[in-house]
Amino acid sequence: MLNILDLVFFSLAFMVSFTGFLINNFEKHVPVFVIKSFRYGSFAYRGSGANYLQMTEIPKEYYRHFYSFSSVFSALTLLYAILVYYFECNVNYYIVLILRLIMETNEPAVSVKAVVLALSLLTVQCIRRCYETYCLQVFAKSSKMNLSHYLVGLGHYFGCVIATVGQAPLFCGSQNRDKVIWTDTRTTFLSIPCIAVFLWAWYEQYQSNIIFANMRRDKKTGEVVTEDHGIPRGRVFERISSPHRFCEILLYTVLIILIPTKTFFCIYLWVLSNQIQTAIQAHEWYKKTFKDYPVNRNAIIPNIL
């Protein structure tokens, strides 16, 4: 049985995959309002038509709101989980009730170790992205996104945190600490490899965003000197057009390994479909925009896609 989050994220995954397939293969036959709602940023739809959608467009720099919210929400949830598990605080009745309504489950599906580790990694990622969007990235003033993208972004991080704790010991089921599964063999065995892969992807995504930012900043002063796009070079960019999206997939692969629930699998499908479709669009845009774009680069997965 699918709960609310399952339905939302599975629907998003299907919608993005289906719409992306239609636009990538049959763009001439796709209504303008669909294309204009779907594409944003550098590869936004530039033609005429569906001008009424401009009323629902907002600056792309509002991306930073995703990470402001997610940093605070994930950090507070992690702190609360630590208080519950290691300082023997009781989970508030209303929190249990809300999680039960959203997740529709009464039995824990993961161990305490898996939950705390996944929440810690998610929090570290959100805080770094918050720093990047406020202090590092340069958003073009003309770059817009649809309001729907904004709302989905906020909902994504809310859903990720809820899915992590929603089937965790004491947050669902009985409050009997004697029956709590504190750790499990699977998590113990995979925790070190998961942390290693996560930190590598975390670092490479950060380096990719530094490369993007440096393309618009003066190397000596750090001042923004242009909002134009160029061909990013260096590190994983030499193999693929969107290493930051490739790293995002790796980050969520680690999280689904730690939290192998049906709900988080739906989130993973959504992340996978969204990152792949966006990477394909970016790759095609690079090839059309820059005649000297390296022909040996793939879109998002080296030597594959």
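Reference entry: report on the structure contained in this document. (Residues numbered from 1 in each chain as written. Predicted model: local features only at pLDDT ≥ 70, side-chain atom pairs only at ≥ 80, totals over all residues. Heavy atoms only, no water.)

### Let's talk about the overall build of the protein
Logical step 1: Helices and strands together make up the secondary structure of the protein, namely nine helices and two strands.
Logical step 2: Seen in sequence order, the protein has helices and strands lined up from the N terminus as α-α-β-α-α-α-β-α-α-α-α.
Logical step 3: For a compact globule of 305 residues, the expected C-alpha radius of gyration is about 19 Å, and the protein comes in at 21 Å, within 12% of that figure.
Logical step 4: The burial tally for the protein puts 49% of its 305 residues in the buried class.
Logical step 5: Entry remark: accessible area of the protein is about 15,600 Å², with carbon and sulfur atoms responsible for 64%.
Logical step 6: Across the protein, the mean location of the 28 positive side-chain charges is 5 Å away from that of the 19 negative side-chain charges. (Helix = DSSP H or I, 4+ residues; strand = E, 2+ residues; numbered from the N terminus. Rg over C-alpha atoms; globule rule 2.2 N^0.38 Å. Buried < 20%, exposed > 50% of the residue type's maximum accessible area, 1.4 Å probe, protein only. Areas by Shrake-Rupley, 256 points an atom, 1.4 Å probe, with all protein chains shown as cover. Lys, Arg positive; Asp, Glu negative; His and termini not counted. Charge placed at Lys NZ, Arg CZ, Asp CG, Glu CD.)

### Here we look at the nonpolar core
Logical step 1: Counting residues in each nonpolar core, the largest one holds 72 residues, and the members touching the most others are Tyr-85, Phe-171, Tyr-252, Leu-255, Leu-258, Ile-259 and Phe-264.
Logical step 2: For this core, the element with the highest residue contribution is helix α5 (residues 112–136), accounting for eleven residues.
Logical step 3: Membership of the second largest hydrophobic core comes to five residues, among which are Ile-231, Trp-285, Tyr-286 and Tyr-293. (Core = buried A, V, L, I, M, F, W, Y, C linked by side-chain atoms within 4.5 Å.)

### Topic: helix α8 (residues 243–258)
Logical step 1: Its 16 residues give α8 an end-to-end C-alpha distance of 23 Å, which sits within 8% of 22 Å, the value for a rise of 1.5 Å per residue.
Logical step 2: With 13 of 16 residues buried, α8 lies mostly within the body of the structure. (Expected span 1.5 Å × (residues − 1).)

### As for helix α3 (residues 63–86)
Given 3.6 residues per helical turn, the α-helix brings residues three or four places apart onto the same face.
Logical step 1: With 24 residues, α3 should cover 34 Å at 1.5 Å per step; its first-to-last C-alpha distance of 34 Å lies within 8% of that length.
Logical step 2: For α3, the set of buried residues is Tyr-63, Arg-64, Phe-66, Tyr-67, Ser-70, Ser-71, Ser-74, Thr-77, Leu-78, Ala-81, Val-84 and Tyr-85.
Logical step 3: Looking at the buried positions of α3, the neighbouring elements they touch are α5, β2 (144–146) and α6 (147–165).
Logical step 4: Positioned one or two residues after α3, Glu-88 has a phi angle of 55 degrees, which is positive. (Contact = heavy atoms within 4.5 Å.)

### Structural notes on the pattern of salt bridges
Logical step 1: Applying the stated criterion across every chain, the model contains seven salt bridges.
Logical step 2: Here Glu-61 and Arg-64 are joined by a salt bridge, their closest N and O atoms 3.9 Å apart.
Logical step 3: Looking at Glu-61, the relative accessible area reads 32%, which means it is partly exposed.
Logical step 4: In this structure, the salt-bridge partner of Glu-284 is Lys-287, at a minimum N-O distance of 3.3 Å. You can see Glu-284 and its partner Lys-287 sitting in helix α9 (residues 262–289), three residues apart, about one turn around the helix.
Logical step 5: One salt-bridge network, in which partners are shared between bridges, spans Arg-128, Arg-129 and Glu-132. (Salt bridge = Lys/Arg side-chain N within 4 Å of Asp/Glu carboxyl O.)

### Considering a nonpolar patch on the surface
Logical step 1: Taken together, the side chains of Val-72, Leu-76, Leu-79, Leu-83, Tyr-86, Phe-87 and Trp-182 make up a nonpolar region of the molecular surface, amounting to roughly 710 Å² of accessible area.
Logical step 2: Here Leu-76 lies in helix α3. (Patch = residues over 30% accessible without salt bridge, like charges linked within 9 Å, V, L, I, M, F, W, Y side chains within 5 Å.)

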